[in-house]
Amino acid sequence: MTTTPRAGSTPAPTRGATTTRGTAPAQPSSPGAPAASQKDRGIVLLFLGLMVTMLLASLNQTVLSSALPTIVGELDGVEHMSWVITAFILASTITMPIYGKVSDVLGRKPLLLTAILLFMAGSVIGALAGDMNLLIVGRTVQGLGGGGLMILSQAAIADVIPARERGKYMGIMGAVFAVSSVAGPLLGGWFTEGPGWRWVFWINIPLGVVAALAAIFLLHLPKKARSAERVRHDYLGMALMAVATTALVLVGTWGGSQYEWGSATILGLIALAVVAAVAFVLVEKRADEPIIPLHLFADRNFTVTTIAALATGIAMFGAIGYMPTYLQMATGASATAAGLLMIPMMGSLLVTSVITGQMVSRTGKYKVTPIVGSLVLGVGLALLSTVEADTATPMICVFLAVIGIGLGGSMQILTLIVQNSFPLREVGTATAANNYFRQVGATLGSAVVGSVFIARLTNLLAEKFPQGTGSAGGTGSLTPDLVQSLPDGVRALVIESYNEALVPLFLYMVPLAIIAAIALCFVHEKPLATSVEHEIAAEALAEGQLLVTDADPDADPDADPDAAPDADPDADPDEASDAVGRGESVSAGARPER
């Protein structure tokens, strides 16, 4: 146990310092300044490397959106359009918990490099694809790598930045997502209209090289403590999770489009998902190193943020996944212009994400922000559901900006709440598990909205063109250019069909935002950790074996150094216990900083 230091000994680290087990804290004297400067420089380099990785992951999800209508038109596969998005999300969802758990054991860097290489391999397959089947294979391989890019970036930040300071870094990461969400559709549109849509995939190769070099030379993370015993990975749990997730996504993708909801295929998939999920829970109870430890759900904050993340994921990806396509078809915008029309949403997301991150780091308060963000998201979805075929484009942009404000106020804060609830040795696992359920929501949102949208669109076009007249050979080959070349009367019917097929679905997503807001009302606002204690220290803290105290510069030098300090009569023992469980340095005789 570490006690209050005796006179003349090295003082304990002050609250807010980032410390590691076995590393002496920097002294307040001038010799400590170079060390502090070097540490800050290392954090900046680390953060730059992670931002490159985040850019690679988030740019991929948006650069395809503007090019997608042209891609499926050229490859004559509009009926498989939803799978181009769903395949990536499905593969990344399955691998997220795996990356998180394994990186907690082996370290972040080797897993991050593996993820980057897989992502680049999938990009090459997609660029060379000659039909929709090979394109979907390429997107699947991309997803196998993409699942690790986001998770490992978020977990690596938690390795070195205390939760109290992490808010502003998470805000900047959210800003990277927002920037890529604007740049992605613009690049996708430019590639489509210029060198060709295949460059949507080729662009990932130079970016992947930069991300790999950044991971090799800039990511200097604390090494993981190696266990004397051989780690027994939860392979059965991984397999069952993959089966359950895949079955669930197939239900959302095929239901109502390729198969009736009451068909034997859909009912069989539902049964398979339920059986695999139950078996997964039973396996996790007995596994030595479960891929998603069930004790995570004993933490109230993890449970409620997971519910909120699931609901937000469905609403977010269901709403914005097909907006660039709709804007091209309904407004006559080019692929590049459709990307520009998404700027209001991503610009508001960027600004809101940075501001809320700074506020959390400054005040230590984080409960109200995601609640308000979820409600604003619901308002934005309701507004978007009022769009008509002749609604002015600036008004659509305003509605998208409202959605961006809602997402910016909630997305990154949910991750921070989860990370603050667990010791560092479980941060990767907890972050990945929370993001897994968010991605399940994203998968279901994209799959269900895509399936319902395509089914409604096909039926509406069939009603308006009974013999296929004016459809230029069928709905599968419709592209934005082809739609704009149709006679005015025919074009108006096609645009009206797109509007009627997609826009009403936004209203059905409003209850999801309300559910997220209600769930977040039950968050317990635990004090944000002000220091980073690595694995050995975290274990000792959890067992009550380590107590780091703040040295009082005005203390009586003649006082008994072994005497216990006076306790604060106003201290909340539950909050102190929560902080100790997370591996936070708690000062004796002081309330945990809020």
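Residues numbered from 1 in each chain as written. Predicted model: local features only at pLDDT ≥ 70, side-chain atom pairs only at ≥ 80, totals over all residues. Heavy atoms only, no water.

**Quick word on the confidence of the model for the protein chain**
- Considering every residue of the protein chain, the mean pLDDT works out to 75; 75% of them sit at 70 or more.
- Here residues 469-473 is modelled with pLDDT under 50, and outside its nearest four sequence neighbours on either side it reaches five contacts, counting other chains as well. (pLDDT = per-residue confidence, 0-100. Contact = heavy atoms within 4.5 Å.)

**Topic: the environment of D104**
- Relative to the helices and strands, D104 is located in helix α2 (residues 81-106).
- C-alpha of D104 to C-alpha of L424: the two residues are 320 residues apart in sequence and 8.8 Å apart in space. (Helix = DSSP H or I, 4+ residues; strand = E, 2+ residues; numbered from the N terminus.)

**Examining the side chain of S385**
- One can find S385 in the loop between α14 (368-384) and α15 (393-408).
- Only 2.6 Å separates the side chain of S385 from the backbone oxygen of A382, close enough to count as a polar contact.
- Leaving out residues up to four positions away in the same chain, S385 has contacts with V503, F506 and L507. (Polar contact = N/O pair within 3.5 Å; in protein donor to acceptor, adjacent residues only side chain to side chain.)

**Side note on the packing of α2 against helix α8 (residues 235-254)**
- Where α2 meets α8, the closest approach of the two axes is 10 Å, and the angle between their N-to-C directions is 155°. Taken as axis vectors, α2 and α8 run roughly antiparallel relative to one another. The two elements α2 and α8 meet at a crossing, and its hand is right-handed. Taken together, the residues of α8 that come into contact with α2 (itself represented by S82, W83, T86, L90, T93, I94, P97 and I98) are M238, M241, A242, T245, T246, V249, L250, T253 and W254.
- Here the contact of α2 with α8 is built from residues that sort into 11 nonpolar, six polar and no charged. (Axes fitted to C-alpha atoms, helices over the stretch in contact; angles between N-to-C directions. Parallel < 35°, antiparallel > 145°, perpendicular 65-115°, else oblique. Left-handed = near helix turned anticlockwise from the far one by under 90°. Nonpolar A, V, L, I, M, F, W, Y, C, P; charged D, E, K, R; others polar.)

**Some details on a nonpolar patch on the surface**
- A surface patch of nonpolar side chains, about 420 Å² in accessible area, is lined by L267, I270, V274, V278 and L282.
- Residue position: I270 is located in helix α9 (residues 264-286).
- Residue classification places I270 among the partly exposed positions, given a relative accessible area of 36%. (Patch = residues over 30% accessible without salt bridge, like charges linked within 9 Å, V, L, I, M, F, W, Y side chains within 5 Å. Areas by Shrake-Rupley, 256 points an atom, 1.4 Å probe, with all protein chains shown as cover. Salt bridge = Lys/Arg side-chain N within 4 Å of Asp/Glu carboxyl O. Buried < 20%, exposed > 50% of the residue type's maximum accessible area, 1.4 Å probe, protein only.)

**With respect to the packing of aromatic side chains**
- Using the criterion set out here, one finds seven aromatic pairs in the structure.
- Note on W197 and F201: the rings are 6.5 Å apart at their centroids and 75° apart in plane angle, and the pair reads as edge-to-face.
- Relative accessible area serves as the criterion here: at 5%, W197 is assigned to the buried category.
- Geometrically, the ring pair formed by F302 and F422 is edge-to-face, given 5.9 Å between the ring centres and 85° between the ring planes. Here F422 lies in the loop between α16 (411-419) and α17 (427-464) and F302 lies in helix α10 (residues 300-320), a separation of 120 residues in the sequence. (Phe/Tyr/Trp six-rings, centres within 6.5 Å; stacked < 30°, edge-to-face > 60°.)

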